[in-house]
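# A closer look at the structure
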Amino acid sequence: MATLNAHIPSGPLAMKWTRHRNESRLISPANKRKYKVIVVGAGLAGASAAAALAELGYEVHNFVYHDSPRRAHSVAAQGGINAAKNYQNDGDSVWRLFYDTIKGGDFRAREANVYRLAEVSVQIIDHCVALGVPFAREYGGLLDNRSFGGAQVSRTFYARGQTGQQLLLGAYSALCRMIAAGAVKSYTHCEMVDLVVVDGHAKGIIVRDLRTGRISRHNADAVVLATGGYANVYYLSTNALNSNATAIWRAYKRGACFANPCFTQIHPTCIPVSGTYQSKLTLMSESLRNDGRLWVPKRREDCSKPPNEIPESDRDYYLERMYPAYGNLCPRDIASRAAKKVCDEGRGVGPGGRGVYLDFSDAIKRLGVAKVRERYGNLFDMYREITGEDAYQVPMRIYPAVHYTMGGLWVDYNLMSNLPGLFVIGEANFSDHGANRLGASALMQGLADGFFILPATIANYLATVNPAQRPSTDHPAFAEAEAEVTTRLRRLLQCRGKRTPTEFHRELGQLMWDYCGMSRNRAGLELALRRIPELREEFWHNVNVPGEATTLNQALEKANRVADFLELAELMCLDALHREESCGGHFREEHQLPDGEAKRDDEHFAYVAAWEYAGPDRAPVLNREPLVYEEVRMTTRSYK
Amino acid sequence: MKVTLKVWRQKDAQSPGRFVTYVTPELNPNMSFLEMLDVVNEDLIRRGEEPIAFDHDCREGICGTCSLVINGKPHGPHRGVTTCQTYMRSFKDGDTIVIEPFRARAFPVIKDLIVDRSALDRIMWAGGFISVRTGSAPDANTIPVPKDVAERAMDAAQCIGCGACVAACKNASAMLFVAAKISHLGLLPQGQPERYRRARAMIEQMDREGFGACTVTGSCEAVCPKGVSLEFIARMNRDYAVALLKGDPIQRAAAAI
Ligand SMILES: Cc1cc2nc3c(=O)[nH]c(=O)nc-3n(C[C@H](O)[C@H](O)[C@H](O)COP(=O)(O)OP(=O)(O)OC[C@H]3O[C@@H](n4cnc5c(N)ncnc54)[C@H](O)[C@@H]3O)c2cc1C
Ligand code: SF4
Ligand code: FES
């Protein structure tokens, strides 16, 4: 069994990070040059880490499957990034951001990590402004803020509806500076297809060049995975189409523990599914819930009427009714389940009855069209392009969709996995969001990890290894990993079955949405656990991948990723089945309070479930890291 | 609805390419253009043929990965949107649609509709940044930035780096892209110290990459999915001229102190 030591520093919560930094190892500038670090990914987490590590003097090699680092999925984040600046003087503080985040995560995150995140948030904004991120400003020239779900203060910084794009361009520009300085070597169109472990330490990766199909080996003194989340296991999600789990799944199969895989986030405000050809779902930013009001008709009969003909008195503003303290701004898991509930009651609107209204008419009355356009114009435009409807005139129709994965590879306080030398940052790790993530906190985590935390903690590991003894790429572990990769690709190409990789992906996604989605129960999960291995079996005999391995081959890329999703899905269901409680985004129908709220079980489940691979035909081993709260009390999460 | 596609197919950079005609299966007008290509590709795969290679990722108009020249227009028939935001309802049943890659000397074809746009990254390496070391920045509100200046910078910063401006230009010039970046940073107070040096370095790199000269025909602005304005080119030219004629005014000012 893996030994999981979170390495949380002792002392009072507010002092842990300062103390840890003071006690962390240092490496002299002359020696830093000798260390080689691989960073996979150039989203907010990867780009910032690669830049910051290079600034410190390490030799950094950065890999992305995109054709440019600037295209990472982070680019699509719309709403904003949290920071405890208290520029609004509305009572915010590091403590409050910390507490909101830990409560938002339903007390399933690590206290010390979350406190550190809130602490570092402040520096992120300073640094991004210095990098030239054009955040929204007030007339006086100071930074503007908006509110986001799960908070009663206004602490979200934003750049129109393109915050992720602007932050990513900021981190990318820092990366460009280091590439120009020769301190980072950038490999684009290069997909990591395996992790290489030598004597129990991560020492390199195997990479496929997507343009030429060439497989290559890369060694390093440490490997950092910043490869994003795995929401695309559901096929339809708000993630970019190429987002995938291959990097973290390969690492899992090489010994890294996978923590809380079933903790996924369903975002309440997305454009509803409209047909089977659909390739992705589009998010309408949570910021819309600042000024938009969610409602459905009180009576089923009214569902087919045009919304503007339904009088106020016949509308059910269900979030305001159910959660008066937070209203439309309650956290995502709660807002999503509430939408599902009213639709299950037959009061949903639009095709198939799977939709609720997000209405801006009050905001337009209060603020005027111009102000609403200034705040949300690009989102309204996007909505019109996709649906052909004008949300200034009629309410938007929205429905929950898979959006984010809180689970990920297990890491300690240093952001190192149980495999020494393997670091995991950003959405790819599990560390900060517990069972539910609050809006505007993923961007914060990505940049906190990459710019500020990893660069300070990585030396604790590097100082223990000697770069002169770095295994060469001729080491048998590299040869073996490469051979496995080539065999697997050959198998995919030789199958010549009848179904496309996408068909398998779509079927898997539907299974996961039905049985491991917004609400879960034992019977459904057991059914999924029977169906997934069957589907996987069929995949390996009946998938059709045309073309060759030695050229650009998108069908092969896809099949290789779907093969991993088909394994990961099983682990997610297993985790969901074992967690006999409801918490955050994990809602087990068997465990609810009489009013339908989630019933958490702190006595039995206040732990991180870290799953360890045990071999192809063996059940994974469950390791438990107990969650010990030193300074906050676990309470029932209430937004009423 | 059904449409006929004339698609550019090219095995790799070395091989010659040609148009191949496909008749689509039955389509739903609410499909996106790329979903239509997905449907065609699924069909091809089922028949054991190689699917049409095309670039895409976010499918919501922000990552800049999708490209395609549709009926002669980069990013298709509509202004202000990318290919991935183009919907089949913009076409009629029975239409013939010609699909080509973004063509430019600096964008060699990798396969079918996928081109190599790494030249744009190399222009960024040349100077598309503000040199600040992580952890050294002052409090974010130390320097107020007038709202309209921040907004103007944001107008330029919205560029998604797709390269449609290059594909639309008869000279295959990358001026709009470069101007967007130079203006974004050059408008903000934080970007001032390196303003002229940046403009010069990026423009010189652009020339080295084999992009053509700008003759202000404006076709770039017309296809830009983010509405990046030609005015930014004028602004960049001024900065560049200053940098060439007078050297770096910021450094000269410093020398005079
Ligand atoms: C539509 C949308 C809107 C969002 N809005 C917000 C918001 O307003 N606020 C907020 O805080 N969060 C938001 N989020 C969440 C947030 O954007 C993500 O969680 C975050 O950006 C993830 O960043 P990352 O750096 O961890 O990974 P990513 O940005 O996903 O980057 C992953 C990187 O890894 C690379 N990669 C992956 N696998 C491999 C491999 N095998 N080999 C080589 N390279 C690989 C990719 O090329 C890419 O560079 C949003 C998410 C979505 C989907
Ligand atoms: S200026 Fe416009 S067309 Fe050119 S790369 Fe930027 S977004 Fe694309
Ligand atoms: S696919 Fe991202 S902009 Fe079109």
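Residues numbered from 1 in each chain as written. Chains lettered and ligands numbered in written order. Predicted model: local features only at pLDDT ≥ 70, side-chain atom pairs only at ≥ 80, totals over all residues. Heavy atoms only, no water.

## Digging into the packing of helix α5 (residues 175-187) of chain B against helix α8 (residues 231-246) of chain B
Residues and elements named next belong to chain B.
- Where α5 contacts α8, the two axes come as close as 8 Å, and the packing angle between them is 70°. Looking at the two axes, α5 sits roughly perpendicular to α8. Along its contact with α5, which presents M175, L176, V178, A179, I182, S183, G186 and L187, the element α8 presents F232, I233, R235, M236, N237 and D239.
- The class makeup of the residues in the contact of α5 with α8 is 9 nonpolar, 3 polar and 2 charged. (Axes fitted to C-alpha atoms, helices over the stretch in contact; angles between N-to-C directions. Helix = DSSP H or I, 4+ residues; strand = E, 2+ residues; numbered from the N terminus. Parallel < 35°, antiparallel > 145°, perpendicular 65-115°, else oblique. Contact = heavy atoms within 4.5 Å. Nonpolar A, V, L, I, M, F, W, Y, C, P; charged D, E, K, R; others polar.)

## A closer look at the interface of chain B and chain A
- With 71 residues of chain B in contact, the opposing surface of chain A contributes 74 residues.
- Each partner contributes to the roughly 6,300 Å² buried at the junction of chain B and chain A, and carbon and sulfur atoms together form 52% of this total.
- Where chain B touches chain A, the interface holds 7 salt bridges.
- Summed over the shared surface of chain B and chain A, the result is 42 residue pairs in polar contact (both at pLDDT 80 or more).
- Ranked by residue count, the leading element in the side of chain B that touches chain A is helix α3 (residues 147-157) of chain B, at 7 residues.
- Looking at side-chain class alone, the side of chain B that touches chain A contains 34 nonpolar, 16 polar and 21 charged residues. (Buried area = accessible area lost by both parts, 1.4 Å probe. Salt bridge = Lys/Arg side-chain N within 4 Å of Asp/Glu carboxyl O. Polar contact = N/O pair within 3.5 Å; in protein donor to acceptor, adjacent residues only side chain to side chain.)

## Some points on the sheet that holds strand β10 (residues 258-259) of chain A
All names here are of chain A.
- If you trace the 4 strands from one edge of the open sheet to the other, you get β16-β10-β18-β19, paired in antiparallel fashion. Looking along the sheet, the strands with just one partner apiece sit at the ends: β16 (408-409) and β19 (621-626).
- Across 2 bridges, the pairing between β10 and β16 is antiparallel. Bridged to F258 within β16 is L409.
- Against the sheet, helix α16 (residues 554-578) contacts β10, β18 (607-612) and β19, and its axis sits at roughly 145° relative to β18. (Pairing = 2+ DSSP bridges.)

## What to know about the domain arrangement of chain A
All names here are of chain A.
- For chain A, the assigned domains are domain 1 (268-401) and domain 2 (476-602).
- The gap between the C-alpha centroids of domain 1 and domain 2 is 31 Å.
- On the domain 2 side, the residues contacting the 9 residues of domain 1 number 9 residues.
- Summed over both sides, the interface between domain 1 and domain 2 buries roughly 730 Å², with carbon and sulfur atoms accounting for 57% of that surface.
- The three residues of domain 1 that bury the most area against domain 2 are D333, R337 and K340, which together make up 55% of that side's buried surface.
- The interface formed by domain 1 and domain 2 contains 0 salt bridges.
- Linking domain 1 with domain 2 are 2 residue pairs in polar contact (both at pLDDT 80 or more). (Domains from an automatic or database assignment.)

## What about the domain arrangement of chain B?
Residues and elements named next belong to chain B.
- Split by domain assignment, chain B resolves into domain 1 (4-111) and domain 2 (118-256).
- On a C-alpha basis, the centroid separation for the pair domain 1 and domain 2 is 30 Å.
- Taking both partners together, domain 1 and domain 2 bury about 1,400 Å²; carbon and sulfur atoms supply 63% of that area.
- Of all residues in domain 1, P74, A106 and F107 bury the most surface against domain 2, accounting for 32% of the area lost on that side.
- Viewed at the interface, domain 2 and domain 1 are joined by 0 salt bridges.
- Viewed at the interface, domain 2 and domain 1 are joined by 1 residue pair in polar contact (both at pLDDT 80 or more).

## Notes on the pattern of salt bridges
- Following the criterion strictly, the structure yields 77 salt bridges over all chains and no others.
- For R488 of chain A, the salt bridge identified is with D564 of chain A, shortest N-O distance 3.0 Å. Taken together, the positions of R488 of chain A in helix α13 (residues 476-495) and D564 of chain A in helix α16 put the pair 76 residues apart, joining distant regions of the chain. For the pair R488 of chain A and D564 of chain A, one class covers both residues: buried.
- Across the salt bridge formed by R579 of chain A and E581 of chain A, the nearest N and O atoms sit 2.7 Å from each other.
- Under the relative-accessibility criterion, R579 of chain A is labelled buried at 0%.
- Judged by relative accessible area, E581 of chain A falls into the buried class, the value being 0%.
- A network of salt bridges, in which partner residues are shared, links R499, E503, E507, R531, E534 and E538 of chain A together with E42, D43 and R46 of chain B. (Buried < 20%, exposed > 50% of the residue type's maximum accessible area, 1.4 Å probe, protein only.)

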